[in-house]
Every structure is written in structure tokens, then in C-alpha cells.
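# Tertiary structure, described
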Amino acid sequence: MLLALPAITIAAPDSPSLARSIPERLSPDTLPSRFFTFSPEEYWREPRDSYWLSFSNWVLRQERVQGARVQSLGAWADRTLSGSSQALPDNESYLRLGFATESEYSKLARFEPEMRFRLDIPTTRRKLRLVIESESEELIPLEERQRDRQLTEPERTDAEATGALRYLTRIGDAINLSSDLGGRLRLPPDAFWRTTASNRWQWHGLWTLGWQQRFYYYHQTGWGARTWFGGGRSLAGGWQFQSSSELEWVHPDRKFVAAQIFSLRKALNNRSTLIPRIGILGESQPNWRTSSAFADLTWRYRLHSDWLYAELIPALSFPRSERFSDQGSVVFRIEMFFAGTVETP
């Protein structure tokens, strides 16, 4: 009995062809010509020396080199701060590097480099962490956070790196609580404190709901608070629906800002993901009103393994400052994600 595949024929267990090894049966000389997208003799040709080949080889080498470095740095800092000879797992340190280009109405596309990082060290005192990151959410306006992937680096708010000691605990069996004490890494330093409570649960077996409440205080900008609530569920056809609501108090401006976001998500295959979104943002001063609305569509493609990605994001925004006239843009981004999981020996 034979099992026919589109490109290869696999013989039954009693077939004499099984005496050959798998590499022999799948060698270029054995496979049918229709298996290839090029002529069989081209298989043995040396690759052409080109800029793209050199650049792609350099990119692939970076994951092996930089991923190991990020992992080693987290493990070294964990052992140093804890005074232990072992590093714990669940190290969430990462380094994200990328290039993005944006095209807008009447504006030419331009390439901009991007970099973000986090050094998240779970010391052997499991409830205490050291967190150093390139930016903190409290220092970025709500509208910018919601439209982050639509923006390139020059359009983002300058936010200095921060460092903090984080203490983790729980309230009862449901609420996760973290408290941070640290500062913005600049001269003069800006000390801050923040506390975050969160919870996640299932509702009627269909919805996954989440809630987060954060209070924070920065010595130079004052205090603030943020409330987030979201929920999601599976839909027909492999789509995932999610809704999120957020309300934040901006102390320097003495006003509330709010956001309501609806999004869908679908994995088209094991490499490609589609994410359409619509959002409305509002503010409380001089009275409650809509400050902006937007719609975007993110197509995210995994170029290599689980660390090299490409994104294409067409977007429309309707800001009040432009009398709600449409502002269109298209962002193309290549992003590398370097991280490592520390394994205990």
C-alpha cells in the first residue's frame, strides 16, 4: 500500500526502498523535479555574495549572540544582588531593536531606529525584584500608549529609563499586588512610588475578564491613578474579540483622560496574525468631550523563529486639534526581540 503526498511518495513498511536512509530518499538527486522551485543543478551552486545575504546572515547571528548576552546579564545580576550561586528561572529581561518607516499624507517615508529594554531580576528572595526599563507607562500619555505601534520614535514622548525595587505579594487568593520604589535614571534623579493591584478571572466559561488599579507618585510631577478593565472571548472563524476601558487622572493638567478600545485578532497561519482595532479617547477638561478617534489594522508576520518580526500598520486618526479631519499613515516595522530564560543548574 502506498500513501501519496503532493511532492513525495512514502512506501509501505515492507517496501525495499526503506533500506535507504531518510537523507538518501530526500536528497536533491532523488526528489522529483516538481518538488523544486529552481532547477536541480542550481541546488549545488554557491550563494551569490550580495548585500541582502550579508545583512540577513548578520541579523540571524544577532539573535544567537545578543539573546545569550541578555540572558547572561540577567543571571549575573540575579546572583550578584541575591548573594546566591544560582539564578532563578522566569527572568523577564529583554531587548527589542528595530527599524520603522512611516508614510503620511504629503510626507515622505523615513526610517527611524527603535530600542526598548527591561532588566527584570527575580532574586532568590522570590517576592523581591529589581526592575530597570527604558520607559514607564506613567510617563507616557494615554493616547500615545494606545497608538504606540502606529508611531515611530521621533513621535513618542521622551521618557528616561527608570529603576525600581519591586515587592510582590497577594491579597487573598485572587488579587496580585506589587509595590515599586525607585527613580528616573537621570540627573537630578526623580524618585517615585507606585502600587498596582490586578486580577483575572473567567465569567460563564466564555469571557476572560481582567482588572488593574494603579496609584503612583513622582516627586517632580505629582501623583496619579489609573483604572483598567478589559474582557475577551473567542468568536467564530478563529477570531478573538477584546474590549478594554481605561481611565487615568493626570495631576499636572488636573483632568481625567479615558480610552475605549475594541479589537479583533486572528492567526491566519503559524506565521501571520491580523489585528484590526478601533478606539475613542476623551478628556474631562474643559468638560467631558472626545479628544480623538482612530482605526488601524496590524498585519504581523514572523520572519524567523520566535524573535524576528515584520509589521505593516495602516491607520487613520481623527484628532480634535485638527477638527477631526482624517490623518492617514502607514507604518512598516522590522523588529528583533532578544531574550533568554534562565535555567537553574
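In short, a report on the structure. Numbering of residues begins from 1 in every chain and follows the order in which that chain's sequence is written. Owing to the predicted nature of the model, reporting of local features is limited to residues with pLDDT of at least 70; listing and counting of side-chain atom pairs is limited to 80 or more, with chain, interface and lining totals taken over all residues. Side-chain measures here rest on the full set of heavy atoms in the structure, leaving out hydrogens and waters.

## Considering the overall build of the protein chain
The secondary structure listing takes helices from DSSP runs of H or I that are at least 4 residues long and strands from runs of E that are at least 2 residues long, numbered from the N terminus. Along its length, the protein chain carries three helices and 16 strands. Each of the 345 residues in the protein chain was classed as buried or not, and the buried ones make up 37%. Throughout, a residue-residue contact means that at least one pair of heavy atoms, one from each residue, lies within 4.5 Å. Taking the intrachain contacts of the protein chain between residues at least 6 apart in sequence as the baseline, contacts between residues at least 24 apart amount to 46%. Note on areas: Shrake-Rupley with a 1.4 Å probe; residue coverage comes only from the protein chains shown. When the accessible surface of the protein chain is split by element, carbon and sulfur atoms take 59% of a total near 21,200 Å². Buried means the residue's accessible area, taken with a 1.4 Å probe over protein chains only, is under 20% of the maximum for its type, while exposed means over 50%, and partly exposed covers the values in between.

## Some points on the nonpolar core
Residues enter a nonpolar core if they are buried and are Ala, Val, Leu, Ile, Met, Phe, Trp, Tyr or Cys, with the set joined through side-chain atoms within 4.5 Å. Judged by nonpolar contacts, Leu142, Val257, Ala259, Ile261, Leu281 and Phe294 together constitute the single largest core of six residues. Sort the elements by how many residues they give to this core and strand β12 (residues 255-267) lands first, with three residues. If near-sequence neighbours (up to four positions away) are discounted, phenylalanine 294 is found in contact with Gln146, Arg147, Gln150, Ile261, Arg277, Ile278, Gly279, Leu281, Leu316 and Ser317.

## Re the side chain of serine 243
Looking at the secondary structure, you find serine 243 in strand β11 (residues 240-250). Taking relative accessible area as the criterion, serine 243 reaches 17% and is therefore assigned buried. Think of a polar contact as two N or O atoms within 3.5 Å of one another; within protein, one of them needs to be a possible hydrogen donor and the other a possible acceptor, and neighboring residues in sequence only count if both atoms come from side chains. At 3.0 Å, the side chain of serine 243 and the side chain of glutamine 260 are in polar contact. If we ignore the near neighbours within four places in the chain, the residues touching serine 243 are Phe229, Gly230, Gly231, Gln260, Ile261 and Phe262.

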